[in-house]
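An overview of the molecular structure
Listed below are the residues making up each chain.
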Amino acid sequence: MTQLRLPIIDISPFVEEFERKRTGENGDDGTDGDFAAKKAQVAREVDSACRNYGFFYLKGHGMSAEQMIGMREIVREFFQLPDQEKRAISISEDSVRGYQKLGQNVTQQRKDWHEAIDLYSPITSDHPIHEITSSPLLKGENQYPPRPAGFKERVEAYVAKCRDIGMLTMRAIALGLGLEETSFDKLNDNSFWSFRLIGYPPLSEGTVLDSEVGVSCGEHSDYGCLTILNQDETTGALQVKAKSGEWIDANPVDEAFVVNIGDMVNVWTNNIYQATRHRVIHQKNNFRVSVPFFFEPNADTVVSPFPSCIAETGGVPHFEDVVYGLHLMSKVSNNFGKY
């Protein structure tokens, strides 16, 4: 395992300006210019990280350590419940919203040794997903367990905060690419987000019980926009594939998210940025908890390369247009084994 380390980026200038505007402060004290200069520096750091790694640590994001830890703790409490209670909110052939038992998630035809709950953006009667597909797979309601107490409320507050963090990180990406800061806003203002609550027992348990188990989570790239990962203190589990082909440990950093770009960013940037493959191999004896929030485009967003990115990469688009909701459908329909 290489000793390369992912960059750590403090996005607080974007967060502070956002909060200031939300609370109605007018900027007459001359700090607007300071924000512009500081945001430009952050954008350069984000641009470098996306070009060289596709991953980075994010600090100064505005979520308290208490909220980050509390989310992991309540997820851990859920996974400690009896199997029968967890399976009461299981996914089905008609819906990917809910609980998946150990080994049900599949990557590259191998079972992943983890269990999880998948939640998605709520669907209203006029949601654009209805125009995109008649399949029920992404529709329906999220399934929240009655225990632990306050689970739904804790998740909803966390998701609201992550949506803000996702939007601001995409603004930093836009500036780093030389685009208008708000270039992505209308593309993800009704984000078809997803939220995975994942529990990883030791991998050794799975490989002994089932010969079809590969690793804790097989090598893959994420298929949306941004992943904002909150992981527990376990080291040596999440691994990121460097451009050299070496694997980098993405060990936890206090009060920082691990952020990575997904496949839709490849399209928008015409491969200036490329989603990085990663995996989880949890070989320690503890039960690892990981809660990635996926900040995604709107379901009906047509993702296509920005003209300036096409110009930077030789003048030829490398991708056809992609409707995000259809892209997502094509991915999740192959994620799971037997129900």
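Here is a short report on the structure shown in this document. Please read all numbers here as calculations on a predicted model, not as lab measurements.

1. Examining unusual backbone geometry
- Cis geometry marks the peptide bond from Arg147 to Pro148, where omega comes out at 0°.
- At Glu255, a residue that is not glycine, the phi angle is positive and equals roughly 60°.
- Mapping Glu255 onto the fold places it in the loop between β11 (247–249) and β12 (257–261).

2. Topic: the environment of Gly103
- Here Gly103 shows up in the loop between β3 (98–100) and β4 (106–107).
- When its relative accessible area of 8% is taken as the criterion, Gly103 is described as buried.
- Linking Gly103 and Val213, residues 110 residues apart in sequence, is a C-alpha distance of 6.9 Å.
- Those residues in contact with Gly103 that sit more than four places away from it in its chain are Lys111, Asp112, Trp113 and His114.

3. Concerning the side chain of Glu181
- Residue position: Glu181 is located in the loop between α6 (151–176) and β7 (194–200).
- With relative accessibility at 19%, the residue Glu181 sits in the buried group.
- A distance of 2.8 Å separates a polar atom in the side chain of Glu181 from a polar atom in the side chain of Lys39.
- With sequence-adjacent residues up to four places away left out, Glu181 is seen in contact with Phe14, Glu17, Lys39, Arg171, Ala174 and Leu175.

4. A short note on the pattern of salt bridges
- Summed over the entire model, instances satisfying the criterion amount to 17 salt bridges.
- Between Lys39 and Glu17 there is a salt bridge, and its shortest N-O distance comes to 2.6 Å. A residue pair is termed long-range when its members are at least 10 positions apart, and Lys39 in helix α2 (residues 31–52) and Glu17 in helix α1 (residues 12–22) qualify at 22 residues.
- For Lys39, a relative accessible area of 6% translates into the label buried.
- In this structure, Arg51 engages Glu312 in a salt bridge whose closest nitrogen and oxygen atoms are separated by 3.2 Å. Placement of Arg51 in helix α2 and of Glu312 in helix α9 (residues 307–312) is noted, with a sequence separation of 261 residues between them.

5. Some remarks on the side chain of Arg171
- In this fold, Arg171 is placed in helix α6.
- At 2.7 Å, the side chain of Arg171 forms a polar contact with the side chain of Asp185.
- The contacts of Arg171, once residues within four sequence positions are left out, are Phe14, Phe18, Glu181, Thr182 and Asp185.

6. Considerations on the nonpolar core
- Grouped together as the largest cluster of nonpolar side chains are 75 residues, with contacts concentrated most on Leu138, Ile173, Phe184, Phe195, Phe257 and Trp268.
- Looking at which element gives the most residues to this core, the answer is α6, with 12 residues.
- Not counting the four nearest positions on each side in its chain, Leu138 is found in contact with Val96, Arg97, Tyr120, Ile123, Ile129, Phe192, Gly325, Leu328, Met329 and Val332.
- Phe55, Ala116, Leu229 and Ile248 belong to the second-largest nonpolar core, a separate cluster that totals 18 residues.

7. Concerning the sheet that holds strand β10 (residues 238–241)
- Strand order in the open sheet formed by four strands is β8-β13-β10-β11, and the pairing between neighbours is antiparallel. In the strand order of this sheet, the two ends are held by β8 (217–220) and β11, each with one partner. In this sheet, neighbouring strand axes are inclined to one another by 20° on average, regardless of whether the strands run parallel or antiparallel.
- Two elements, β8 and strand β13 (residues 278–280), share two bridges in a ladder whose sense is antiparallel. Its bridge partner lying in β13, Cys217 is registered against Val280.

8. Considerations on the packing of aromatic side chains
- Following the criterion strictly, the structure yields 10 aromatic pairs and no others.
- Against the face of Trp247 rests Arg279, its NZ or CZ located 3.8 Å from the ring centre.

9. Examining the sheet that holds β3
- Strand order in the open sheet formed by eight strands is β1-β2-β12-β9-β14-β7-β6-β3, with mixed pairing between adjacent strands. Lying at the two open borders of the sheet, with one neighbouring strand each, are β1 (8–10) and β3. The sheet shows a mean angle of 25° between the axes of neighbouring strands, taken without regard to direction.
- For strand β6 (residues 115–120) and β7, the ladder comprises six bridges, and the chain directions are antiparallel. Across the sheet, Tyr120 pairs through a bridge with Ser194, a residue of β7.
- Sheet strands touched by helix α3 (residues 65–79): β3, β6, β7, β9 (226–231), β12 and β14 (288–295). Its angle to β14, the strand with the most contacts, is close to 120°.

What counts, and where the lines are drawn
- Residues numbered from 1 in each chain as written.
- Predicted model: local features only at pLDDT ≥ 70, side-chain atom pairs only at ≥ 80, totals over all residues.
- Heavy atoms only, no water.
- Helix = DSSP H or I, 4+ residues; strand = E, 2+ residues; numbered from the N terminus.
- Buried < 20%, exposed > 50% of the residue type's maximum accessible area, 1.4 Å probe, protein only.
- Contact = heavy atoms within 4.5 Å.
- Polar contact = N/O pair within 3.5 Å; in protein donor to acceptor, adjacent residues only side chain to side chain.
- Salt bridge = Lys/Arg side-chain N within 4 Å of Asp/Glu carboxyl O.
- Core = buried A, V, L, I, M, F, W, Y, C linked by side-chain atoms within 4.5 Å.
- Pairing = 2+ DSSP bridges.
- Axes fitted to C-alpha atoms, helices over the stretch in contact; angles between N-to-C directions.
- Phe/Tyr/Trp six-rings, centres within 6.5 Å; stacked < 30°, edge-to-face > 60°.
- Lys NZ or Arg CZ within 6 Å of the ring centre and 35° of its normal.

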